[in-house]
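Each chain is listed here by its residues.
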Amino acid sequence: MCLKLQCLRKKRSIQNRARGLLGDNIGLKEKLIKKACALAFKAHKSPKQHYLCEKFWTSSEAYLIFSFPGSRIDTDWFVPNHKPFGERKIDPALYPSLRSIGNDEAALVNEAFLERFCSILENSSIRSKVKKALVDGKQIVFTGHSSGAAVAILATFWVLEEFFNPTKNQKHKPPLCVTFGSPLVGNHIFSHASRRENWSCYFIHFVMRFDIVPLILLAPFSSIEQTFSSILQFLTPEFKPSTQESLQRANLTSEFYSTVMRNAKTVIHHAACNLMGNTNSLLETIMNFVDLSPYRPFGTYIFCSGNGQLIVIKDSNAALQLTFHTALLDLAEPSEAANKSISQHHAYKDALEDSLQRQNVVYMDKLDELPLSTHGSNGDIAAVSAALDDLGLSTEARLCLRAAGVLERQKEINEKEIEKVFEEKALSSMEKLEEYKRKCEIVKGKGYYDSFKVQKETIDFEANVERLVLAGVWDVIIEKRRSNELPDEFEGKKEWVERGTRFLRLVEPLDIANYYRHGKDKESGPYMEKGRPKRYRYTQRWLEHSQRKSQETNYSESCFWAEVEDLASNNNSSFERVKLLEDQIRRWSEMGEVGKDVFLEDSTLVKWWKALPPQHKQESCIRSLIQA
């Protein structure tokens, strides 16, 4: 070993001690990690039980640990659902937060893992045990090895949804999830949603360097179907092959390893091209004809190098790249690599015991500064670079990791840029429109919706200019969010939800007035179906999600004017539709979400309402509001 590399490792060891123990940095004590690992493997001995449950204490905390056994049955990994990777949309009733809010796109999840967890939820006492533990002040820990880890992940998300959303009591201690050799469970929305909800830190995934299991679901089931049942037996810690079985195992594992790694390589290279902004149209065309696995990592990944070192990484794109590139073995015999990829799946207990004792930990925090070699690098970056050398990472792999860091850094820069534009342009335009709204009611004696729709005076024209300024600002914001150019946390941030809500309620009525003033409903159809811009759809979804409010109708307090206009122009509207609108307006009025200008004598709403049948008006729930 060269003297420079020895010095780097010695310096890294000193820096690690200065930074503190691994447990202090990830919020998970070493004793708890060891206990979780032991229970995860212990659960394999009770495959017919839904889970094992044990209490555990440290000097300062009381825990209740649930460990789930892995499965040797291939249908517990892949459900034959005509999807190449066994995926399905997640149940929004069970997991309402696992979606992209603005894009209104539900996460994809492995159907077999989801069915197994739902079966446990329905056929065991886990629900009552979790609730009691939380009430008693205990911290819940879910753990598992292999496919048991996948169930632990879904159980953790369930608890977070059930007990920790903003509408629930937040005094409980949040659950923790510690997995060992977990397969991937869901698509990129798992990472996006967990970071947006600030849940990502609760998921800690330990991965042995050569373990094949975290890569299995990157291959379509059809490609491994012939060997998978046998491989599942090999992946069981208790499996002891005879001499003849050893030969058969060598052939099967070589074939399986080669197939998984070949498919994983395609996914990894495509992901790398996206990270680096590849605009090759030929590549994209080819990819349209190739089924790629949707599964992606999320949470904190801790890679066990095999020589006592632990590498901590929180960037999901980088974790995907590292999972693949660290698993590559440069061996003359493919069977050696294949056997190692299986044997390391059983090696977590011993490896962690050694690694947690040494505390030789490298934190990959500044990926955008990662050098392509150890030469010329200093400090923490040099320590990270030396750790990657230990893993045998190529220059190509380093480029992928750096690209992941650069992408996240660019997202942060983008957010700062739109923050600056918002403060320079949007705030003053919002203030001017709020002043316009006040003037319409005081000076002109009518609501600003109707005043803007008529467009008779200079102040109406000036309001239209401000409307267009705000539309331009928010269209840029929404497009950057839609194309994933902003941090995952963005649409969950309180300040942006509040800004979006203020914009939605103040400006959308003007867009509706403009739409019907120009007769666009006659040309294109109703505003809500044909004319509503993304800037309002997205901001409405942000608000509804922040309140965990289900959408009762296809319109909100900002766009009910469109429903009024459509009802006014349609004499055959159903009674139920009219009554629903009235109920909503009454509720919004009580909550202060619509102003008194809505009920002024000459408003479009009042004119429409007065044209309704006398008997209906007599019983209407907004009668008193209009008469007042």
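Residues numbered from 1 in each chain as written. Predicted model: local features only at pLDDT ≥ 70, side-chain atom pairs only at ≥ 80, totals over all residues. Heavy atoms only, no water.

A. Structural view of the pattern of salt bridges. Enumeration over the complete set of coordinates arrives at 36 salt bridges. Across the salt bridge formed by Lys411 and Glu408, the nearest N and O atoms sit 3.4 Å from each other. With Lys411 and Glu408 both in helix α16 (residues 395–444) and three residues apart, this pair spans about one turn of that helix. For Lys411, a relative accessible area of 3% gives the class buried. (Salt bridge = Lys/Arg side-chain N within 4 Å of Asp/Glu carboxyl O. Helix = DSSP H or I, 4+ residues; strand = E, 2+ residues; numbered from the N terminus. Buried < 20%, exposed > 50% of the residue type's maximum accessible area, 1.4 Å probe, protein only.)

B. Quick look at the nonpolar core. Of all hydrophobic cores here, the largest spans 128 residues; its most connected members are Leu22, Phe68, Tyr95, Phe142, Phe190 and Phe206. Among the elements that take part in this core, helix α6 (residues 147–163) stands out by supplying eleven residues, more than any other. Look past the residues within four positions of Phe206 in its chain and what remains in contact with it is Ile33, Val178, Thr179, Phe180, Gly181, Ile302, Cys304, Tyr348 and Leu352. Core analysis: the second largest hydrophobic core is formed by 56 residues, Met430, Tyr527, Trp542 and Phe560 among them. (Core = buried A, V, L, I, M, F, W, Y, C linked by side-chain atoms within 4.5 Å. Contact = heavy atoms within 4.5 Å.)

C. Up close: the confidence of the model for the protein chain. When the pLDDT values of the protein chain are averaged, the result is 89; 91% of them are 70 or greater. The least confident element of the protein chain is helix α1 (residues 3–19), whose mean pLDDT is 44; the most confident is strand β8 (residues 176–180), at 98. Contacts from residues 1–18, a stretch scored under 50 in pLDDT, to residues over four places away or in other chains number 25 contacts. (pLDDT = per-residue confidence, 0-100.)

D. Structural context of the pairing of strand β2 (residues 62–68). With six of seven residues buried, β2 lies mostly within the body of the structure. As paired strands, strand β1 (residues 52–57) and β2 are joined by six bridges and run antiparallel to one another. Looking at β2, one finds that Glu54 is bridged to Ile65. The turn linking β1 back onto β2 is made up of four residues. Pairing geometry for β2 and strand β7 (residues 139–145), over six bridges, is parallel. Paired with Phe66 across the two strands is Phe142, which belongs to β7. (Pairing = 2+ DSSP bridges.)

E. Main features of the packing of helix α18 (residues 458–482) against helix α22 (residues 534–546). Direction vectors running N to C along α18 and α22 enclose 65°, while the axes themselves pass 9 Å from each other. The orientation of α18 relative to α22 falls into the category roughly perpendicular. Where α18 crosses over α22, the two elements pack in a sense that is left-handed. The residues of α22 that touch α18, namely those facing Ala471, Trp474, Asp475, Ile478 and Arg482, are Lys534, Arg535, Tyr538, Thr539 and Trp542. (Axes fitted to C-alpha atoms, helices over the stretch in contact; angles between N-to-C directions. Parallel < 35°, antiparallel > 145°, perpendicular 65-115°, else oblique. Left-handed = near helix turned anticlockwise from the far one by under 90°.)

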